[in-house]
Structure formats: C-alpha cells, structure tokens
Amino acid sequence: MYNKRLRLIKYRFITILFCVLIAHLQSRGQYYLSSKQYGFSSGLGHRHVNASFIDSKGKKVILTANSMAFFEGNSFTTISYPEAFSSKGFNTICEDNTGNYWVSEAFEWFYSFNIRQTYIYSHQHFIPSKNKLPNSIQIESILSDENRLLLIGTKTGEIYSYSAHDNKISLRKKVGKLPIKLLYAKQNKIVFCEEKGILEDDNIQLINYAGKVLFQEKLLNKFGVSVVSVAEELYAVFDSHTHTEVTKLGTNVNFSLPKNHSYTYLTGLVYEPKFKTLIFYSNDKISFLNPNLKTLYTHDFPFSIHHIVPDSHGNLFMSTDKGFVILRIQKGVINTLLYNPNPEDNQDNYSCREIYKLDKNTLIVNTNQCRQVIDLRTGKSEKLPTLNANLQSDFILSILYDKQGTLWFGEQQLVTTDLATKVNRSYFANYGTRIWSMTEYKQGLLLGFEKKGIGYFDKSRGGVSYFEGKQPQELASATVYDFFTLKDKIFIASSSGLYVLDSNGEIRNIPYSVGQKKATYDINLFDKKQANTLSLSTEEGIVLWDISTSRVRQFIQDRYFAKIKFLSCYETQNGYWASSEQGIWHFDKNGNLLKIYTELDGLTNNECNTLAHFQDSEGTLYFGGLNGVNVIKPEAFANQPKEGTIVIRNIRVFNKQELINTIPALERNRLALSTGENAIEFEAEFEDYMYDCEKQFYYTIGQEEKNWAPFVAKNFRIDNLPFGESLIHIKVVACNNFANSNTITLKVFRAYPLYYRWYFWIMVMAMLGLLIWAGFQLYAYNYRMRNLKLKALVDRQTVSLHENLKFRDELLKLLVHDVRHPIISFNNLTDKLNLLIQKKEYERLSLLGTESKSRSENLLWLIDNLILWIQSTNKNETILYQNHDLIGLIHKIIRSYQNDISVRNLTFVVEPEAFIAKIDEKLFVITMRNIIFNAIEYAKRDTTVQIKISRNTQLVEVTCYNLVEPDTQPRAESRGLKIGLSVLKTILEKQSIELFNDKVDDIYLTRLIIPEK
C-alpha cells in the first residue's frame, strides 16, 4: 500500500513537472522580456524609486526618495526637492489641464494614500497646493482623468474635481465621514473606497461624475489597491492579510496569489496597450493575464517592484528598490527547446551539435548531455543511451539517416541506434580522431574526420579506407565538417577549403579568391530551383560558387559584415537565414542584411555551434547553440512597422579647423554653406522606444544608399565637402534590425566659387579682350601725347622768351613813369636781364627769380598800390559798393600765401564763419592783402594769427592780431605798415576808411574800419 502511494506521488510529481515544462516552453514562444536598469551612476538622485509618470506630451517623470527627475534621451535631469520635504520622498504624481504636475507625499512611501502634503510643480518651482485649493480641503488621494481634470478624495469623505485651466473646484459627491481612496477616474466614471484604516476598507463604489452610484460592494477584511479599465471592463486589485487578488468588477472572474512579502501595497495592475495584456505585479514578480484573468506568463526579478507605468510601445517603466528599470515586452516568434532559463546554472545547459528531424514529430539533437530525442508535439525530451562503457554523458557530433532507415551516429565510434529498443551497435572505433560528418557513398558511408580528412566505410566489409594517395595533403590533415551530394559529385567542406569528389574517385580543390580564408563549415544549394550555385558558409562570410563557371563571389553586400564567420546558410521563402557565433542573421535574396537575431529577440544564446543546424521539408529552421535549440518558422517573421525618428542637432560648421557657426537644428534637413565652409560636425540621436537596444549609426555619401560605414564616434564629422550639393544619408540600426532601420538624408549645399560659374570665364575673356584693346589704345595715346608734349615744350619756350622781353619793357616803362626808389633796387636785375637776353642764356633766367624773391614780392605789392593810387587820381574814378562775403575773400587771400604761412608754421583763425557787407571788393582785397602780408612778415614763428570782423551800426571793423618777437619795431615813418600801405593811406582816407596799427607788448594789432553805404 505504501509503495503504491509512493508511486502515485511520483507520478503526480512527474506530471506536474511535465506541465510546468510545457507551460515554460509555450511561454518562451509567446513572450520574452529584455530590460535596461538605471541607478545612481546613470544620473538618478537615489536608487530608491517610488513612482514614475508619463505626461500628456510623452515626457517621463521619475520620483525617487530625494528628488524628481526627467528622463529623456537615455539620460536624467534631476530636480531637487525643497528643504521642507521629508526624506521619504513623493510617491504619487498627476498632471492638470495646464500642464503642471501635482506631486504628493504620503506618510508612508509604499502607501499612495493618506497624503501628507501636495505641491504643484510649475515653471521649475514647487508651489504648495494650498495656494490653489481652499484650506478646508484635506487631500487623502488625488488623480487625474484622460482630460487632465483633477479628482480629489478628502479625509472628510468628499470627492472634488478641480480644473486648473478655469481655476474652478466642484463638489462631485459627499460620501460620508471616512477618508476617500480614489482608485480610478476616466470615461465619466470614478472608483473609490471608503477607508477604515491602512489595512482595511469599508466598501468600494463606482459612480459617475454627477455622483450617481453605478456599483457598490462591501469589502470584508480587504482593501482596494488599484483599478484599471480594459474596454468597458474594470479590473480591481484587492489585498488582504493572506492573499492578493485581481477581480473583474461585477463578476466572479478573479485571479489570486498568496502573499509572500512584508509590504502590503507593493502590488498593482496595469494594462499594456501594444500587446493588449493585463500585467499584474506583486513585489518581485509580474504576471501576464488575459481578459479572463488567466495566466499567460510569469517572470521573477531580483528586486522589489514599487510601481509600473506602461507606454504605448511595449515598454514597462518600473520603479524599484534598485533603481529605474525599463522592461521591453516582445511577442515571441522564436520557439525554444532544451532551454535552461537560469543562466547562473550553466552546467545544466544543453550545448548542441548536429540536429536531425527524423519525422514530423521527432527531433534528434546531439548535446553535451547525451543525445536527446524530442517529441515536438509535447516538447518532452528523452535521452538515448550513452556510448561510453562508464555510462557518462557523451557528446556525439554527427547524425545520418540512410536510405535503409538506419540511424547512424558518429563521434569516436561509428554506431547505429534503434530508437524503439534503445540499443546501440558499434561498427568502427578510432579514439585518435572524431567523426564530424557523414554521407552515403557507393555501398557505404563517406566519413569526415577531425584532422584526418575523409574515409570510406564499407558496410559489407565493416572496415574504413582513408583514400591514401588520392586526397590532397591539405585535406588529409583537415577537419571535414560537411558533405553535399549533387548528382554524381560530392562536395567536401573542410578547415582547409572546398573539395569535390567525382565519380572516378578523384578529389580536387576548388580555389577561393586570393586572401579568402579557406575554412568552410556548411554547403547548401543557394537557389533550389536553379540548382546551379552553392552557398558556402566560411570563416570569412558566405561565398557563392557557380557550378558551371567555377566563379566565386561574396553573397553579403555590406562589406562591413562580409568577413563574419558563418556556420550555415539556408534558403527560405523569406530570404536567407544563417547561423553564426554572433546570433542568427537574416538576409534578403540579394544579400542585404535585414536583421541579426540575438537574445534580445528571444534566442536562447547568441552563440550558435558548428553542425547545430537543420531545415525540414516545411522550411522550419532549427539552430542549436550553447543553451538549447531555437526553432524559427521564416514565414512568421514579417517586417514590423518602423518606429522612432532620427534627430540631427548641434550642427557645427567649420572653415578647415576653425569653428564658424553652430546651428541647434536643421530645417527640412537642408544646410547651406558658403564657399569657405568645407566641414561640418553634428550629433545624431534616435528615439525608438527600445531602450535596451544598442543603436548603431551608419552613413554614406552620394546618390545611392550603399557602402554604409559606421560612425566611429558620437559626434559625426565630414571634412572636405565638395562644392555643390552633397547627399549625406544617415541610417540607424536598433537591435540589429537592418530591415526596419530608419534613414534620413541631409542635403548640404556648399556654394560654388566664382571660377565655377559659366559667366566667370565669359567675363574673363571679355576683360582680356578689353585689356588688350586698352593696351593698344594707351600705347597710341602715349605716343601722340609724347609728340604733343615735345611740340608744346618748344612752343612754350619760344613764347616765354617773347613774353619775358615784352614784360621787361612794360615793367621798366611803368616803374620809370610812376616811382623812382623801387627802380634803384632793380637796376642790377635789369642789367642782368638785358645781359641774359642778349646772350640767349635762357636756362639761367630761372636763377634770376630765385636770386630776388623777397624783392619781387615787395615790388608786386607796390605795383598793386600804385595801380589803385593811379586810379584814384583819375577824374573818372568810380568806387563800386556791393554785398560780398568778407570771410570768403579773406580765406582766398590766406590761401595765396600758403607757402609763406607753411614756412613760418603759422595758423590763421578767422571769425565769424560768414560775414556779408556792402563794400568795394578791389579796395578791400588790396587793403587786406597788405594787412595779411604784414601779419605774416611780423608774426612770430609757430603762432596763431587771428582776424575778427564785427559790425557797429553802419561800420564794419576788421581786426588782425598776431604775436611778434619782443625786439620787433615797426618803422616810424610808415607807422609799422611797411611798404605799400603808406601809399594806400590817401586813397583810404578819401573813402572815409580808417586804417591804423599798434603794438602792445608782444601783440601786433592792425584795425580797418570800413563804412557801409
């Protein structure tokens, strides 16, 4: 009886374990999670995160124990709380309809009700809520609906709504005297509980915004935690002393878990909209639930979950006691077999070698834990008996199922195994090598050995021959990984390259391109319909070999991935799939990389193993790695819609190495540069809501989007931009998904220099023609002018001679007639002049003027005075009075003596700037020339001569002041007027014009008073 019960218990235990295994296998094919964790080192103010929030603009707000942080672009901007806040931090946040945040702190960080204080975060400042709400409203709970209308539950039993836009508060319902815990407010519905205490609520109610009760239920020894809506249904989370449950309100549908944590309120329920799934979290575990609250998937974490907020892109923002965690949910299309979910216990991993699908429901996998036979209907695996005599687990390499229905296995022995009886039979053993591959050949098997080339096993004789003398030396020492039979030829993939065994038993090498590494791991038909090209998975990429032409070419178009080591390549209806030590790669039929699948996409491990691959007749692929088998149905991998946008910011423009300009952002992805600006640098960012994915940026320049090169730094720089328009294509690849990579094209136009313009050369030719014509014209003009100058020089010399003679005669005549004393001073000059003229020494005539310069100036003044005096003695004399600008006349006189003024370095100051008076111009000019001449003669060097003009009634007074040397004394007979003015005295007196002078100390003064008529 006891043994029977023991067997029954064992049977039930095995059944339960089997069911758990099946559920796990199914769940791996349905959901898989990837996460990224942020802590203090990432910029958070504290590792203890209470809550997170996504506002109406998609901005993420994080509440920690000591600060509030904004999360954007994978980085945090931290806002410190005011000093008045407690160290427990805030644990609830909502947004009003003006965009301000209402942040509340409860008395306990894990209990979002029983609020201690609430602040409004507006324009980077925290404002107490009492500035907006009446003091009578004591907030117990607060949340906002889909229109950002605030709903407030009070400690005194009221429910209020508050519109920040209108600054209007309204009473929705007076419930009772117990505090109100608001759990939900959307779609004109409010769900709340009346709170008896922290661990017990009186009831739960559903009302509309008008206060009408739609549903009500008494709560016995439990309390409400949260409520979420899905379509028209409401799901509530309740907690009690013994268990936590999720209930669809108004129904008997529920889900419950026993409590295994100390904090009661570390539970909650959210709805993930992308996959339309309810997610229940409880301390360190999340459960995926369907609308009927059936468990789809569960996952445990090494931290406590405080709060979860989902976005619309399949992410869960988790607030935990170990920082801020973003969990990305993906719907599984990769099924897994023999998977060990605990990576720490890797000794339990199933590391795989060759895989063979025996029939529709049976898969055989050679693993490090013996050979496994898997029933694909149930996922159950069964171990085949070991080949070792000591019964230890063996690691068999190769499998072959021949035409006779015999199942062969090869390692250090060549054996057959009867799956029905589980009996092994050994035919051959060589413990100095291993059998890596097998294929049928003639009446036996062709075997590929480790470092021993190939051998032939004859089934009838039972022995092995090694093609001695027939196989090339490189092949004889190589490891053979694969055979491929095509008609009467067998192609051999080995560590030393590719060989072909023909029907005559001859083996020849198929050469690769120069520099190509020869190790080849797998052979397949590239195009099964054409059957004229082989795909070879090698140590350096996937090589295509044309059977008819023997030409070799690379399959992968992107040169940056063309040298990756690949272990297999299979043609499918959805492109080509290849296994590698860096994940499973998906290409289109032209060799363009679509995506690299890794653990983030649901693989058991990124590293696949040699030989561990198989394609069945339906096209399903099986790839084995270090931790089980990945099952891929290619038709299930449709391209997903592209998400995210590429942002180009902080564009810096350079002229060689000099920074010229910085542009925050581009408009329409266009950038115009001047001719001298030849380099740009910018930052590229990509927001695709896949925070755990690495993002790699690539670029190419030109019309065609090919030959992509990766960025080598965060800041991308392009030097030596050509003139004209350049197209810069930027591509970002997230999660190795090249098919859905986003691309942006920048149009950069660098202005052409002038010599690039067509009209520039027309202008150059025109200018050259004009310059040539102008040159000829200038030469002709200079020639004519030179002749004219020579002729004019001769004419001037001739005329000058005659004029000098005439002038001499007239001058002497005038002087002899009018005055005697000046003639005496010029006797010697006359003699010299006569002598020079008679002797025709014209060149010396100029020396005469230099010799007598001072006497000539005095003589000219005398001539002017004499002419005026002579006119005054004439009976027909007339004086003409007219309005003249005296200042202008004086300036003309001063300019005529500019040389003398410069020699003495004198400065003349004439005041005022303009003065109009009715005078006789000639008489005024003659008189002022004498006054100014005297001033220059007597003035002290480097001084100022001042001339002032004023009017008193009808008298115009002109006064000249200048400094003289102390020992300067004017001659008494002329009263200091020097030569000429003494003669003018009579003429001036006749016109009632007064002229006198005086010397006071060092100042020499001359005054002229002219009556106006």
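All values reported here derive from a predicted model rather than from experimental measurement.

### Re the overall build of the protein
Each helix and strand counted, the protein has 11 helices and 72 strands in total. Expressed as a percentage of the 1013 residues in the protein, the buried residues total 49%. A fraction of 52% describes how many contacts in the protein between residues 6 or more apart in sequence connect residues 24 or more apart.

### Focus on helix α10 (residues 921-938)
Over its 18 residues, α10 extends 26 Å from the first C-alpha to the last, a length consistent with the 26 Å expected when each residue adds 1.5 Å. Among the 18 residues that make up α10, 13 are buried, leaving the element largely enclosed by the rest of the structure. The backbone nitrogen of L923 lies 2.9 Å from a side-chain oxygen of the residue at the head of α10, namely D920.

### Some points on the UniProt feature "transmembrane region" (unreviewed entry) in the protein
The sites that UniProt annotates as "transmembrane region" (unreviewed entry) are residues 758-781. In the segment residues 758-781, helix accounts for 100% and strand for 0%; the C-alpha atoms at its two ends are 35 Å apart.

### Remarks on empty space enclosed by the protein
Tallying each qualifying case throughout the model produces 2 cavities of 30 Å³ or more. Lining the largest cavity, in full, are Y881, I919, D920, L923, F924, I993 and I1010. Of the residues contributing to the lining of the largest cavity, the split by class is 6 nonpolar, no polar and 1 charged. In this structure, the second largest cavity encloses a volume near 30 Å³. Taken together, I651, L666, N669, R670, L671, I680, F682, L746, K747 and V748 form the lining of the second largest cavity. At the level of secondary structure, the elements contributing two or more residues to the lining of the second largest cavity comprise β59 (670-673), β60 (679-687) and β65 (742-750). Sorting elements by how many residues they give to the lining of the second largest cavity places β65 first, with 3 residues. A class-by-class count of the residues in the lining of the second largest cavity yields 7 nonpolar, 1 polar and 2 charged.

### Let's talk about the sheet that holds strand β55 (residues 621-625)
Strand-to-strand pairing in sheets goes through backbone hydrogen bonds, with the strands running parallel or antiparallel. Spatially, 4 strands are ordered β29-β56-β55-β54 in an open sheet, and the strand pairing comes out antiparallel. Only two strands of the sheet have a single partner each, and these edge strands are β29 (334-337) and β54 (608-615). Going from strand to strand, the sheet's axes swing by 25° on average, the running direction of each strand aside. With 4 bridges connecting them, β29 and strand β56 (residues 628-632) associate as antiparallel partners. When the sheet's bridge partners are listed, I334 is paired in β56 with I632.

### What to know about the sheet that holds strand β44 (residues 497-501)
Judged by pairing direction, the sheet is antiparallel, and its 4 strands sit side by side in the order β42-β43-β44-β45 without closing on themselves. Strands at the two margins of the open sheet, each flanked by one partner only, are β42 (480-486) and β45 (507-510). Adjacent strand axes in the sheet meet at a mean angle of 25°, parallel and antiparallel pairs treated alike. Bridging between strand β43 (residues 489-494) and β44 involves 5 bridges; their strand directions are antiparallel. The partner of F491 across the bridge, within β44, is V500.

### Section: unusual backbone geometry
The omega torsion across E911 and P912 is -5°, close enough to zero to call that bond cis. Positive phi, normally seen in glycine, also occurs at N114, with a value near 50°. Following the sequence through the fold, N114 ends up in the loop between β7 (101-106) and β8 (115-122). Here N114 falls in the partly exposed class, since its relative accessible area comes to 23%. Located in the positive-phi region is R668, a residue other than glycine, with phi close to 55°. Residue position: R668 is located in the loop between β58 (658-665) and β59. Since its relative accessible area comes to 77%, R668 is described here as exposed.

### Here's the deal with the pairing of β55
Burial runs high along β55: 5 of the 5 residues are buried. Neither face of β55 is left uncovered, since the one carrying L621, F623 and G625 and the one carrying Y622 and G624 both have all their residues buried. Here β54 hands over to β55 after 5 residues, with G619 in that stretch at a positive phi of 95°. For β55 and β56, the ladder comprises 5 bridges, and the chain directions are antiparallel. The residue of β56 that forms the bridge with G625 is G628. Linkage of β55 to β56, two consecutive antiparallel strands, is achieved through a turn of 2 residues.

### Here's the deal with the pattern of salt bridges
Tallying each qualifying case throughout the model produces 27 salt bridges. We note a salt bridge from D202 to K218, for which the minimum N-O separation is 3.0 Å. One end of the pair, D202, is in strand β16 (residues 200-208); the other, K218, is in strand β17 (residues 213-218), and 16 residues separate them in sequence. Residue classification places D202 among the buried residues on the basis of a relative accessible area of 13%. The partner of D601 in a salt bridge is K595, and the shortest N-O contact between them spans 3.1 Å. When sorted by exposure, D601 lands in the same class as K595, which is buried. Here the salt bridges share partners, and the residues they tie into one network are K196, E200, D202 and K218.

### Points about the nonpolar core
Ranked by size, the top nonpolar core spans 35 residues in total, and within it I890, F924, M928 and I932 carry the most contacts. Counting only elements with at least two residues in this core, the list comes to α8 (886-896), β67 (907-911), β68 (916-919), α10, β69 (944-952), β70 (955-963), α11 (978-990) and β72 (1003-1011). If one sorts the elements of this core by residue count, α10 sits on top with 8 residues.

### A word on the environment of L419
Structurally, L419 is set in the loop between β36 (413-418) and β37 (423-429). C-alpha of L419 to C-alpha of V373: the two residues are 46 residues apart in sequence and 9.0 Å apart in space. Setting aside its immediate chain neighbours within four residues, L419 contacts L358, I364, V373, L384 and L407.

### Focus on a negative patch on the surface
Taken together, the side chains of E965, D967, D1001 and D1002 make up a negatively charged region of the molecular surface. Classification of E965 as partly exposed rests on a relative accessible area of 35%.

### A look at the packing of aromatic side chains
Scanning the entire structure with this criterion turns up 58 aromatic pairs. With a centroid separation of 5.7 Å and an interplanar angle of 75°, the aromatic rings of F255 and F280 are classed as edge-to-face. One end of the pair, F255, is in strand β21 (residues 254-258); the other, F280, is in strand β23 (residues 277-282), and 25 residues separate them in sequence. On the accessibility criterion, F255 (10% relative accessible area) is buried. With a relative accessible area of 1%, F280 lands in the buried category. Here the aromatic rings of Y897 and F933 are separated by 6.1 Å at their centres, their planes lie at 55°, and the arrangement is tilted.

### Some points on the pairing of strand β35 (residues 407-410)
The two faces of β35 match: L407 and F409 on one face and W408 and G410 on the other face are all buried. Inspection of the sheet shows β35 paired to β36 by 3 bridges, in the antiparallel sense. Residue G410 lies in a different strand from β36, and its bridge partner there is L414. Adjacent in sequence and paired antiparallel, β35 and β36 are bridged by 2 residues.

### Remarks on the side chain of T479
Among the structural elements, T479 can be located in the loop between α2 (473-476) and β42. Apart from residues no more than four positions distant in its own chain, T479 is found in contact with W436, F449, E450, K451, A493, S494 and S495.

### Focus: the confidence of the model for the protein
Note: predicted coordinates in regions of low pLDDT should not be interpreted at a detailed level. In this model, the protein carries a mean pLDDT of 84, and residues with pLDDT of at least 70 account for 86%. In this model residues 1-29 is a low-confidence stretch, pLDDT under 50, and it forms 22 contacts with partners more than four residues away in sequence or in other chains. Of the regions scoring below 50 in pLDDT, residues 972-977 engages in 15 contacts with residues more than four places distant in sequence or in other chains.

### A closer look at α8
Among the residues making up α8, those that are buried are L886, I887, L889, I890, I893 and I894. Burial along α8 is one-sided: seen end-on, the buried residues are contained in an arc of 160°. The exposed set on the far side of α8, more than 90 degrees from its buried face, consists of K892, R895 and S896. One side-chain oxygen of the residue at the start of α8 lies 3.2 Å from the amide nitrogen of I887, identifying that residue as D885.

What counts and what doesn't
Residues numbered from 1 in each chain as written. Predicted model: local features only at pLDDT ≥ 70, side-chain atom pairs only at ≥ 80, totals over all residues. Heavy atoms only, no water. Helix = DSSP H or I, 4+ residues; strand = E, 2+ residues; numbered from the N terminus. Buried < 20%, exposed > 50% of the residue type's maximum accessible area, 1.4 Å probe, protein only. Contact = heavy atoms within 4.5 Å. Expected span 1.5 Å × (residues − 1). Polar contact = N/O pair within 3.5 Å; in protein donor to acceptor, adjacent residues only side chain to side chain. UniProt positions renumbered as here; feature names shortened; annotations may be inferred. 1 Å grid on protein atoms, 1.4 Å probe; cavity = no way out; pocket = protein on both sides within 12 Å on 5 of 7 lines; lining within 4 Å. Points joined across faces, edges and corners; volume = space filled by probe spheres on them. Nonpolar A, V, L, I, M, F, W, Y, C, P; charged D, E, K, R; others polar. Pairing = 2+ DSSP bridges. Axes fitted to C-alpha atoms, helices over the stretch in contact; angles between N-to-C directions. Salt bridge = Lys/Arg side-chain N within 4 Å of Asp/Glu carboxyl O. Core = buried A, V, L, I, M, F, W, Y, C linked by side-chain atoms within 4.5 Å. Patch = residues over 30% accessible without salt bridge, like charges linked within 9 Å, V, L, I, M, F, W, Y side chains within 5 Å. Areas by Shrake-Rupley, 256 points an atom, 1.4 Å probe, with all protein chains shown as cover. Lys, Arg positive; Asp, Glu negative; His and termini not counted. Charge placed at Lys NZ, Arg CZ, Asp CG, Glu CD. Phe/Tyr/Trp six-rings, centres within 6.5 Å; stacked < 30°, edge-to-face > 60°. pLDDT = per-residue confidence, 0-100. Arc of directions from axis to C-beta.

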